[in-house]
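So the chains spell out like this:
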Amino acid sequence: MRKVFRLNIYLVLIVNTFLFISCSDIQKREIESTGTFTKGWYKQTSVELGNRIKMITPDYGYAISRGRGDIYGNAYQFSDNRWKPFYEFPYSDYPSIVPVDSTKVWFVIHQTHRGFYRPRFYEFNQTDILEIKLPPLMWDDVDYVMFPGLSVFGNQRWLAGQQGNILYYHDNKWTPFESPVLNVEKTNLRDGDLFDVQMITENSGWAVGRNGVILRFKDNRWEKFPSPVADNLQKISMANENFGWIVGDRGTILQYNGIEWKQVRTEYHYHFTSVKTIDEKRAWICGRQSLLLELIDDKWVENPEVKNLYESFSDVDVIIDSLTGEPYIWLIGTGGIYTNYKSLGVSF
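What counts and what doesn't
Here the residue numbers are simple positions, counted from 1 along each chain's written sequence. In keeping with the model being predicted, local features are shown solely for residues with a pLDDT of at least 70 and side-chain atom pairs are shown and tallied solely at 80 or more, while totals for entire chains, interfaces and linings include all residues. Water and hydrogen atoms were dropped before computing side-chain values, which therefore reflect all heavy atoms in the structure. DSSP calls a pair of strands paired once it identifies at least 2 bridges connecting them. Secondary structure elements follow DSSP: runs of H or I no shorter than four residues count as helices, runs of E no shorter than two count as strands, and numbering proceeds from the N terminus. Axis lines are fitted to C-alpha atoms, over the contacting stretch for helices. Their N-to-C directions set the angle, which ranges from 0 to 180 degrees. Type-normalised accessible area, obtained with a 1.4 Å probe on protein chains alone, sets the label of each residue: buried when under 20%, exposed when over 50%, and partly exposed for intermediate values. Salt bridge, as used here, is a side-chain nitrogen of Lys or Arg placed within 4 Å of a carboxyl oxygen of Asp or Glu. Note on definitions: a residue-residue contact is assigned when non-hydrogen atoms from the two residues lie within 4.5 Å. pLDDT is a per-residue confidence score from the predictor, ranging from 0 to 100. Take the buried Ala, Val, Leu, Ile, Met, Phe, Trp, Tyr and Cys residues and link them wherever side-chain atoms come within 4.5 Å; each set so joined is a nonpolar core.

1. Regarding the sheet that holds strand β10 (residues 149–153)
Here four strands make up an open sheet; going across it, the order is β10-β11-β12-β13 and the pairing antiparallel. Strands at the two margins of the open sheet, each flanked by one partner only, are β10 and β13 (173–177). Shown here is a sheet whose adjacent strand axes are inclined to one another by a mean of 25°, direction ignored. Bridge analysis of strand β12 (residues 166–170) against β13 gives five bridges, and the strand direction is antiparallel. Each bridged residue has a counterpart across the sheet, and for Y168 the counterpart in β13 is T175.

2. Things to note about the pairing of strand β16 (residues 214–218)
Of all five residues in β16, four are buried, a share of seventy percent or more. In this structure, the hairpin formed by strand β15 (residues 204–209) and β16 is closed by a connection of four residues, where N211 is found at a positive phi of approximately 55°. Across four bridges, β16 lies against strand β17 (residues 221–224) in antiparallel orientation. Looking at β17, one finds that F217 is bridged to W222. Hairpin geometry of β16 and β17 is characterised by an intervening segment of two residues between the two adjacent antiparallel strands and by a positive phi of about 55° at D219.

3. Points about the pattern of salt bridges
Throughout the structure, instances matching the rule amount to 14 salt bridges. A salt bridge links K104 to E123, with the shortest nitrogen-to-oxygen separation between them at 3.9 Å. Pair noted here: K104 is in the loop between β6 (96–99) and β7 (105–111) and E123 is in strand β8 (residues 118–124), with a separation of 19 residues, a long-range link. When its relative accessible area of 12% is taken as the criterion, E123 is described as buried.

4. Some words on the pairing of β15
Counting buried positions along β15 gives six out of six residues, so the element sits mostly inside the fold. By the alternation rule, side chains of β15 split into S204, W206 and V208 and G205, A207 and G209, which are all buried. As paired elements, strand β14 (residues 194–201) and β15 share six bridges and run antiparallel to each other. Within the sheet, the bridge partner assigned to D196 lies in β15 and is V208. In sequence, β14 turns back onto β15 through a hairpin of two residues.

5. A word on the sheet that holds strand β20 (residues 253–256)
Spatial ordering of the open sheet is given by β18-β19-β20-β21, a layout of four strands whose pairing is antiparallel. Looking at which strands have only one partner, the edges of the open sheet turn out to be β18 (233–240) and β21 (261–263). The mean angle between the axes of side-by-side strands here comes to 20°, regardless of whether they run parallel or antiparallel.

6. What to know about the environment of L150
Here L150 is to be found in strand β10. Along the sequence, L150 and I97 sit 53 residues apart, while their C-alpha atoms lie 7.5 Å from each other. With near-sequence residues (within four places) excluded, L150 lies in contact with S96, V98, W106, F121, W158, L159 and V197.

7. A short note on unusual backbone geometry
At N81, a position not held by glycine, the phi torsion is positive, near 65°. By secondary structure assignment, the location of N81 is in the loop between β4 (73–79) and β5 (82–89). Exposure remark for N81: the relative accessible area of 39% places this residue in the partly exposed category.

8. Quick word on the confidence of the model for the protein chain
Confidence along the protein chain averages 89 in pLDDT terms, with 87% of residues attaining 70 or more. Here residues 1–38 scores under 50 on pLDDT; set against residues more than four positions off or in separate chains, the count is 19 contacts. Segment residues 343–348 is flagged for pLDDT under 50; beyond a separation of four residues in sequence, or across chains, it makes 23 contacts in the model.

9. Some details on the nonpolar core
Within the largest apolar cluster, 17 residues are counted, with the highest numbers of intra-cluster contacts made by W106, F121, L159, L167 and W174. Contributing elements (two or more residues each) for this core: β7, β10 and β12. F121 has contacts with W106, F107, V108, L130, E131, I132, L134, L150, L159 and W174, leaving out every residue within four places of it along the chain.

This is how it looks when you write it as structure tokens:
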């Protein structure tokens, strides 16, 4: 009787193992045969509330996470096929990171809660981490203004933040710059908030923020630009001076045609968190609910593969292979950094 019982157990284990392997193979084949999206996805590393990612080449880049509770956030560098933290900090809202040149990267964090949200700005030069002082701008009588938006283009270096505050880097220091949406009265403490800024040339740039606000930089001044929506705008990505995309809350997508911003309606109503524009034909949007959209034949099409990641994405970056034209995509989310570039990781 015991022999029969043991035999039955062995048979069950063999069958379950076979089914597990078979199901895994079927799932892998399904992922690799989804038409437009043919490459598998890989988790390169785990992070605690990832926030921003910027790849310089497929094998070199930077990212930053927020952390959570008593778990520290980290600034990361990707090299030698792995993500390595080079600076850790207590949990921070709105951390951001941008390469300045081939050897330097800038990043900003905010000393949440016990630090009264004070922004701290740093430069990493591959050896040392140097702090660059920011002017102490106050959100109210206790807390400081935070700066979610950071842009570097040549000598044009900007921070855009809460209550319409804008800082400009000149003569090796950050100084306040005139803003058309500066919240002086502070009747509503959230009025004028700016979430992102991008410079396109030395004399051209954009900033976006709360309640559909759009600013344009031209002739050395920021001015309000007509916006077709009142939803919060989270991120902007311009291909050139005449074409780009803005994304925001409740599925908001705006397209710039060189003259005006127009709303593009889709079936999606999730909060979009970031957008990457390569040119007028190629762009990607990420958001909550494991959402990744790709612009295909002038239509936004959802990538079905990343649904398996069960993530909330906060940023996306894309590098186009110069030989094949293949897009290599990186996503950073609440729990990890993911890519379809097969350099490292576990396939999903």
